[in-house]
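Examining the three-dimensional arrangement
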Amino acid sequence: LNSRLPAVGTTVFSRMSALAVQAQAVNLGQGFPDFACERSLIQAVNEAMQADFNQYPMMSGAPVLRQAIVAKIASLYGHQYDVEREITVTAGATQALTTTILCCVHPGDEVIVIEPTYDSYVPAITLSGGVPVLVQMETGASGYSVPWAKVAAAVTPRTRLIIINTPHNPTGSVLRASDLQALADIVRGTDILLLSDEVYEHMVYDGARHESVCRYAELAARAFVVSSFGKTYHVTGWKVGYVAAPASLMAEFRKVHQYNVFTVNTPMQHGIAAYMADPRPYLELPAFYQRKRDLFRAGLQGSRFELLPADGTYFQCVRYDRISQQTEAEFAEWLTTEIKVAAIPVSAFYQQGKESGIVRFCFAKQDETLTLALERLQKI
Ligand code: PMP
Ligand code: GLN
């Protein structure tokens, strides 16, 4: 077959998880918790099934879940979306991202993507016939940051969409209010749309607030905002997420969504909606993960790894140039097979495989798992 995605292989996450299993390594590679979600969430889904919420929900998602999403966004970020027209439940954030790109990018349109970048964006742009325009983050003493002047310089009359991700996978950096102001200055007066990947919205640390695009009316008016219950409720395998956007944009999203998946499984939607009545699980998430981040960082403090800042997400990036001059992929493979701790090479998040001597660990793990991994990493 004449491939539509000739440059694409199996994702780095699948490859490193398979290697971790084969090597019997502690898997700090692919991002997912190794602990259970709350029983009451499973109970809520059980109850939904028992109550016979088992047929197709509405194409846009179960109304109870859309209501719960609208209420959460309004209370956290002060933006009021319309339940009927402005929220769609998706099969994880991945489908929301791909469907957004497919619904708005025409062949030849340019999409600005900031590298390092989550791996699903560029293939979706390619499938739409769009052209990814890559702008690389800069690294300094305070970690990774977005060079907005370079983003502004990358804008052309063909720019259709800018994709941002905060908190950011893989770097763990978060955008601040000044970043969103810089973005607003770039798009003001243009017809450029925004796709804001906020799947780690509830993992921002050290008392900082999550700068959702929907806090800013002028940005929200042109934005698709995406999140994922998999991350927030420790159920990555459920693959339920959502997208929020102004009605005119959402109408186009739904045209693609209805023929892409049509809709998303019903009992999970009802179960999640019931569980969302209590805001504590997501309000308590920053403290929950900040403690794990601190435990993991403290454990690496005396090691030969150099810690980068970790302001959000459940990822910790480290430099390893005091240990090895191998490429990131080689080093991650060596860590997995010899040290028995799996990691992800950050080069996998660059289209041209840029080497920075940095790998990513996921700390969404039980304390015992982190402790075991740390014992091994400290010995290197
Ligand atoms: N965006 C980012 C930045 C992610 O890290 C992930 C999870 N790996 C996703 C999207 C996909 O989320 P989901 O599993 O809900 O499809
Ligand atoms: N988002 C997860 C990560 O970055 C992995 C998701 C996937 O396996 N596609 O590790």
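Definitions and limits used
Residues numbered from 1 in each chain as written. Chains lettered and ligands numbered in written order. Predicted model: local features only at pLDDT ≥ 70, side-chain atom pairs only at ≥ 80, totals over all residues. Helix = DSSP H or I, 4+ residues; strand = E, 2+ residues; numbered from the N terminus. Rg over C-alpha atoms; globule rule 2.2 N^0.38 Å. Buried ≥ 20, exposed ≤ 12 C-beta atoms within 10 Å, placed from the backbone. Contact = placed C-beta atoms within 7 Å. Near = placed C-beta within 6 Å. Nonpolar A, V, L, I, M, F, W, Y, C, P; charged D, E, K, R; others polar. Domains from an automatic or database assignment. Axes fitted to C-alpha atoms, helices over the stretch in contact; angles between N-to-C directions. Left-handed = near helix turned anticlockwise from the far one by under 90°.

Now for the overall build of the protein. The helix and strand tally for the protein stands at 15 helices and 15 strands. Relative to the globule expectation of 21 Å for 380 residues, the C-alpha radius of gyration of the protein, 20 Å, shows essentially globular dimensions. If one aligns the C-alpha atoms of the protein with their principal axes, the spans along those axes are about 55 × 55 × 50 Å. Per-residue burial over the protein gives 47% buried out of 380 residues. When contacts within the protein are restricted to residue pairs at least 6 apart in sequence, long-range pairs at least 24 apart make up 72% of them.

Further remarks concern the site of ligand 1. Residues in contact with ligand 1 amount to 14 residues; listed here are only the nearest, Gly92, Ala93, Thr94, Asn169 and Ser228. Sort the elements by how many residues they give to the shell around ligand 1 and helix 4 (residues 92-104) lands first, with 3 residues. In the shell around ligand 1, the residues fall into 3 nonpolar, 9 polar and 2 charged.

Partitioning the protein into structural domains gives domain 1 (12-30 + 284-378) and domain 2 (39-277). Of note, the centres of domain 1 and domain 2, computed from C-alpha atoms alone, are 26 Å apart. Across the contact, 23 residues belong to domain 1 and 24 residues belong to domain 2. Looking at which element gives the most residues to the side of domain 1 that touches domain 2, the answer is helix 13 (residues 285-301), with 5 residues. The class makeup of the residues in the side of domain 1 that touches domain 2 is 15 nonpolar, 5 polar and 3 charged.

Quick look at the packing of helix 3 (residues 63-77) against helix 11 (residues 266-275) now. Closest axis-to-axis distance for the helix 3/helix 11 pair is 8 Å, and the angle between their directions is 40°. With respect to the hand of their crossing, helix 3 and helix 11 are arranged in left-handed fashion. Across the interface between the two elements, Val64, Leu65 and Ala68 of helix 3 pack against Gln269, His270, Ile272 and Ala273 of helix 11. Its residues placed into classes, the contact of helix 3 with helix 11 shows 5 nonpolar, 2 polar and no charged.

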